[in-house]
Amino acid sequence: MNLRRGPFPAFRHRNFRLFLFGQGISVIGTWMQSTAQAWLVLTLTNSPFLLGAINALQWIPVTLLSLVGGVFADRLPKRRLLLITQSTLMILAFILALLTWTGIVRFWHIAALALLLGLTNSLDMPTRQSFFAEMVEREDLANAIALNSAMINGGRVIGPAVAGVIIAAAGVAPAFFINGVSFLAVIAALAAMQIRPAPTVPRQPLLGYIGEGLTYVRQTPAVLTTLALLGAVSTFVLNFNILIPVLARSVLKGSAGTYGTLLAAVGAGSLIGALLLASASRQGPRRELIPIGAAVVSLAVLLLGFTHSYPPAAGLAFVGGLAMILFTSSGNSFVQMLVPDQLRGRVMSVYAVVFAGSSPFGALLIGGAMDLWGPPAGFFVGGSLGVLATVVILLWARRLRLDPEAERGEGHRM
């Protein structure tokens, strides 16, 4: 098969193949840990709000520190930074496994480790997102991002399902341990790469570096409105790590297996969506898929609040996963195709802040709504606000496109 002309041209790059292999193994472990951690928190506390608090602690550092992480990503070798962050994540997984295995784990242990995980991700996320441009040629960038999304969501299918079986048979500790071991694959893949030198970024004060990235986003309407929509929908809608365990445990009265299979349904939809995007990536990012995906995933979450049996819940979870990946992967590719290489780390740090860093606020909002008014309220609040945000930001984007000054500013960057 001619990889250059085939549907997946990013595979012709050795570094990308190594990355995808290592991350593919590690991501399965990561989803296993995410599944087990949510189940452990609900088992210890029986509180959706405290589950939301753990999610908030995990992402608050991303909100506060990702812009600094983006500066490091542009200034320092990205592979070296990723070796450091991935090794740190491995150690944190082993610590959680040990605490759980010995039976001494408490809620505050999970909270402290979640905070350390967030600190590490504030550097890992902008570095990893901007690393694709060093592994593949620019014309293969959209394909690489879509294939990476497919890999992540393949892990979302496998990891939760396997975790559900393991939790039912042996408890949560083995899931944490397996995740720790899985990081060895990505560390070995990174060590085997040969990376070409990145563009040199002129030295200046830290705030100057951050300001350059923020100025680019502010003066590029296509990037600004895309990131605004990503942030809004991520805040209100993409809280599956809270919504799904509560749906499985409190609404459907299911077991860890029910939880795992519902997460796997989200992952299956996401995997199919990512493969569809990857096969069509030769045509470039499809901007219209961003608002369509945002609206559909918001409606899927809204309707989940009215489900009381497993089959419709699994179907909506599948649709939500499919729409989510059309939305997020198209947004990621669209932004990366616009941004200059020398600003990539800093712009993707803004992406990390609005996409993942907004999660703490959404987690507390949705978890609090569920604690106050019951589980369906969280789905209704999140889905409704997601639909409203999509409409408002679409109208704003249309207004910006009609502004001649904005169009001229954007044209210089495209």
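Further up the page is the structure itself.
Notes on the structure follow. (Residues numbered from 1 in each chain as written. Predicted model: local features only at pLDDT ≥ 70, side-chain atom pairs only at ≥ 80, totals over all residues. Heavy atoms only, no water.)

## Points about the environment of Arg-218
Here is step 1 of the chain: When you line up the elements, Arg-218 lands in helix 7 (residues 206-219).
Here is step 2 of the chain: Arg-218 gets classed as exposed once you look at its relative accessible area, which sits at 55%.
Here is step 3 of the chain: For the pair formed by Arg-218 and Ser-26, sequence separation is 192 residues and the distance between their alpha carbons is 35 Å. (Helix = DSSP H or I, 4+ residues; strand = E, 2+ residues; numbered from the N terminus. Buried < 20%, exposed > 50% of the residue type's maximum accessible area, 1.4 Å probe, protein only.)

## Brief notes about the packing of helix 8 (residues 221-236) against helix 13 (residues 344-355)
Here is step 1 of the chain: Two elements in contact, helix 8 and helix 13, have axes whose closest approach is 7 Å; the angle formed by their N-to-C orientations is 30°. Our classification of the angle between helix 8 and helix 13 gives roughly parallel. Across the interface between the two elements, Leu-227, Leu-230, Gly-231 and Ser-234 of helix 8 pack against Val-350, Tyr-351, Val-354 and Phe-355 of helix 13. (Axes fitted to C-alpha atoms, helices over the stretch in contact; angles between N-to-C directions. Parallel < 35°, antiparallel > 145°, perpendicular 65-115°, else oblique. Contact = heavy atoms within 4.5 Å.)

## Considering the packing of helix 3 (residues 78-101) against helix 6 (residues 173-191)
Here is step 1 of the chain: Helix 6 packs onto helix 3 with a crossing angle of 165° between their chain directions and a minimal axis gap of 8 Å. By the angle between their axes, helix 3 is roughly antiparallel relative to helix 6. The two elements helix 3 and helix 6 cross, and the hand of that crossing is left-handed.
Here is step 2 of the chain: Residue composition of the contact of helix 3 with helix 6, grouped by class: 20 nonpolar, five polar and one charged. (Left-handed = near helix turned anticlockwise from the far one by under 90°. Nonpolar A, V, L, I, M, F, W, Y, C, P; charged D, E, K, R; others polar.)

## Some points on the packing of aromatic side chains
Here is step 1 of the chain: Tallying each qualifying case throughout the model produces five aromatic pairs.
Here is step 2 of the chain: Judged by centre distance (5.6 Å) and plane angle (80°), the rings of Phe-19 and Phe-132 are edge-to-face. Of this pair, Phe-19 sits in helix 1 (residues 14-45) while Phe-132 sits in helix 4 (residues 107-135); the two residues are 113 residues apart in sequence, bridging distant segments of the chain.
Here is step 3 of the chain: Accessibility expressed as a relative area gives 2% for Phe-132, which makes it buried.
Here is step 4 of the chain: Put simply, the rings of Phe-19, Phe-131 and Phe-132 touch in pairs and so form one group of aromatic residues.
Here is step 5 of the chain: Between Arg-249 and the ring centre of Trp-39, over which it is positioned, the NZ or CZ distance is 5.5 Å. (Phe/Tyr/Trp six-rings, centres within 6.5 Å; stacked < 30°, edge-to-face > 60°. Lys NZ or Arg CZ within 6 Å of the ring centre and 35° of its normal.)

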